[in-house]
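Listed below are the residues making up each chain.
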Amino acid sequence: MRNISKAYIYALLSVFLWSTVATAFKLGLKVLSPVYLILLASVVSLFVFFFIILAQGRIRELFTVTASGLAKSAMLGLLNPFGYYLILFQAYNLLPAQVAQPLNMIWPVTLALLSAPLLKQKITFRNIVAILVSFVGVIFISSQGSLSGIANTNITGAALAVGSSVIWALFWVLSVIDKREEIFKLFWNFAFGVIYLLLVALVFTDFSLPDIKGLPAAIYIGFFELGFTYILWMKAMQLSENNAKTGNLIFLSPFLSLVFIHFILGETIYYTTFIGLAFIISGIWYQQKK
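Attention in this report is confined to the structure presented alongside it. (Residues numbered from 1 in each chain as written. Predicted model: local features only at pLDDT ≥ 70, side-chain atom pairs only at ≥ 80, totals over all residues. Heavy atoms only, no water.)

Focus: the overall build of the protein chain
Inference 1: Within the protein chain, the regular secondary structure consists of 16 helices and zero strands.
Inference 2: Here the C-alpha atoms of the protein chain give a radius of gyration of 19 Å, agreeing with the 19 Å that 2.2 N^0.38 yields for 290 residues.
Inference 3: Along the first, second and third principal axes, the C-alpha set of the protein chain runs to 55 × 50 × 40 Å.
Inference 4: The proportion of buried residues among the 290 residues of the protein chain is 52%.
Inference 5: The long-range share in the protein chain, meaning contacts at least 24 apart out of those at least 6 apart in sequence, stands at 86%.
Inference 6: With an accessible surface of roughly 14000 Å², the protein chain has 71% of that area assigned to carbon and sulfur atoms.
Inference 7: Once the 18 positive and 9 negative side-chain charges of the protein chain are each reduced to a mean point, those two points are 11 Å apart. (Helix = DSSP H or I, 4+ residues; strand = E, 2+ residues; numbered from the N terminus. Rg over C-alpha atoms; globule rule 2.2 N^0.38 Å. Buried < 20%, exposed > 50% of the residue type's maximum accessible area, 1.4 Å probe, protein only. Contact = heavy atoms within 4.5 Å. Areas by Shrake-Rupley, 256 points an atom, 1.4 Å probe, with all protein chains shown as cover. Lys, Arg positive; Asp, Glu negative; His and termini not counted. Charge placed at Lys NZ, Arg CZ, Asp CG, Glu CD.)

Printed below as a string of structure tokens:
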């Protein structure tokens, strides 16, 4: 099989798996608090990364990490999984999945804004147009079927969903600057993230055993949102002859996600959700178009 065919298989499998996680978020949050859901999912992901490194026979490399590398992971782990998913899960707690998921999609646009001061890249006219187009999409999604629906949208939840995209974009920029190998970065980032989440659980909750009914969702999220699927996506990018074309497949994910949200969660999907999502993806596509 040609590498390009393998790349598309890995990419499409990643897209399919990622499109299911918004539904898993809502199912998990019915039983577990955001803190416990991301804590359990992060522990699962940590084991996923460890066993991938073990299967590669690179355990010694894992523990040759430098003090500088640990310091970087301490900072990155604070952003993801700790900050990003705590905020995102709280947004899902307050909003319908069909609203929270698309609002979080605008992170490539916020990435352009953060890249200007951090990576010394210019904000172009294309970036500005993309931001405006995506903002129109945010308004459509927040309307939830009608203009009066904006008044019923939980503003805190919407702000958290959009704010989480800023944290993810910041994490992405700092990860680009950090030149360590990806799998080792992920392991140490999540190791620190788990420590931070444990501290929050100890200080701000009664630290009781989580409801066992929430474990399937936490395991699923840890395996497919945070762990294994990311490795599949990296593999697709490595095998691809054109990363831009392969990467565009990710735009299928939010639309496919609405199918799972409707049939599994039972949410009525508003026509404005499709319109808003189309605006957001158009903005992202225009920004990335060469």
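Some thoughts on the environment of L197
Inference 1: Of note, L197 is situated in helix 11 (residues 182-204).
Inference 2: Residue L197 is classed as buried on the basis of its relative accessible area, which comes to 0%.
Inference 3: In sequence terms L197 and L40 are 157 residues apart; their C-alpha atoms lie 9.5 Å from each other.
Inference 4: Aside from chain neighbours lying at most four places away, what touches L197 is V35, I38, L39, S42, F82 and L86.

Some details on the packing of aromatic side chains
Inference 1: Following the criterion strictly, the structure yields 20 aromatic pairs and no others.
Inference 2: Seen in terms of ring centroids, F50 and F51 are 5.7 Å apart; in terms of plane orientation they differ by 80°. Their pairing is edge-to-face.
Inference 3: Each residue in the set F25, Y84, Y85, F89, Y92, W168 and F171 is aromatic and connected to the rest through ring pairs, giving one cluster. (Phe/Tyr/Trp six-rings, centres within 6.5 Å; stacked < 30°, edge-to-face > 60°.)

Here's the deal with helix 6 (residues 97-104)
Inference 1: Burial of helix 6 is extensive: eight of the eight residues sit out of reach of the surface.
Inference 2: Those residues of helix 6 that sit buried are A97, Q98, V99, A100, Q101, P102, L103 and N104.

Some points on unusual backbone geometry
Inference 1: Omega for the bond connecting N80 with P81 falls within 30 degrees of zero, at 20°, which places this linkage in the cis form.
Inference 2: Positionally, P81 belongs in helix 5 (residues 67-94).

Some thoughts on the pattern of salt bridges
Inference 1: Applying the stated criterion across every chain yields a total of four salt bridges.
Inference 2: For R58, the salt bridge is made with E61, and the minimal N-O distance between the two is 3.0 Å.
Inference 3: Assessed through its relative accessible area of 40%, E61 is described here as partly exposed.
Inference 4: We note a salt bridge from R180 to D178, for which the minimum N-O separation is 2.6 Å.
Inference 5: The exposure class assigned to R180 is partly exposed, which follows from its relative accessible area of 21%.
Inference 6: Members of the salt-bridge network, linked through shared partners, are R58, E61 and E181. (Salt bridge = Lys/Arg side-chain N within 4 Å of Asp/Glu carboxyl O.)

Re a nonpolar patch on the surface
Inference 1: On the surface, a cluster of nonpolar side chains totalling about 640 Å² of accessible area is made up of L13, F16, L27, L256, V259, F263 and I264.
Inference 2: Of all elements in the fold, only helix 1 (3-19) and helix 15 (252-265) reach the threshold of two or more residues within the nonpolar patch.
Inference 3: No other element matches helix 15, which puts four residues into the nonpolar patch.
Inference 4: You can see L27 is positioned in helix 2 (residues 21-29). (Patch = residues over 30% accessible without salt bridge, like charges linked within 9 Å, V, L, I, M, F, W, Y side chains within 5 Å.)

Observations regarding the nonpolar core
Inference 1: One finds F25, Y85, F89, Y92, L103 and I221 to be the most contacted residues of the largest nonpolar core, which totals 81 residues.
Inference 2: Setting aside chain neighbours within four positions, we find F25 in contact with L37, Y85, L88, F89, Y92, I221 and E225. (Core = buried A, V, L, I, M, F, W, Y, C linked by side-chain atoms within 4.5 Å.)

Examining the side chain of D178
Inference 1: By the element assignment, D178 lies in the loop between helix 10 (155-177) and helix 11.
Inference 2: Reaching out from D178, the side chain makes a polar contact with the side chain of R180 at a distance of 2.6 Å.
Inference 3: Sequence-distant contacts of D178, defined by excluding residues within four places in its chain, comprise K72, L76 and K185. (Polar contact = N/O pair within 3.5 Å; in protein donor to acceptor, adjacent residues only side chain to side chain.)

A closer look at the packing of helix 5 against helix 10
Inference 1: At a minimum axis distance of 8 Å, the contact between helix 5 and helix 10 shows a crossing angle of 160°. Relative to helix 10, the element helix 5 is oriented roughly antiparallel. With respect to the hand of their crossing, helix 5 and helix 10 are arranged in left-handed fashion. In this structure, helix 5 contributes M75, L76, L79, N80, G83, Y84, I87, L88, Q90, A91 and L94 to the contact, and helix 10 contributes T156, G157, L160, A161, S164, I167, W168, L170, F171, L174 and S175.
Inference 2: In terms of residue class, the contact of helix 5 with helix 10 is built from 15 nonpolar, seven polar and no charged. (Axes fitted to C-alpha atoms, helices over the stretch in contact; angles between N-to-C directions. Parallel < 35°, antiparallel > 145°, perpendicular 65-115°, else oblique. Left-handed = near helix turned anticlockwise from the far one by under 90°. Nonpolar A, V, L, I, M, F, W, Y, C, P; charged D, E, K, R; others polar.)

Side note on the packing of helix 6 against helix 8 (residues 125-143)
Inference 1: Running from N to C, helix 6 and helix 8 cross one another at 170°; their axes reach a closest spacing of 9 Å. Relative to helix 8, the element helix 6 is oriented roughly antiparallel. Between helix 6 and helix 8, the residues in contact are Q98, V99, P102 and L103 and V138, I141 and S142, respectively.
Inference 2: In terms of residue class, the contact of helix 6 with helix 8 is built from five nonpolar, two polar and no charged.

Any functional reading would require information beyond the geometric quantities listed.
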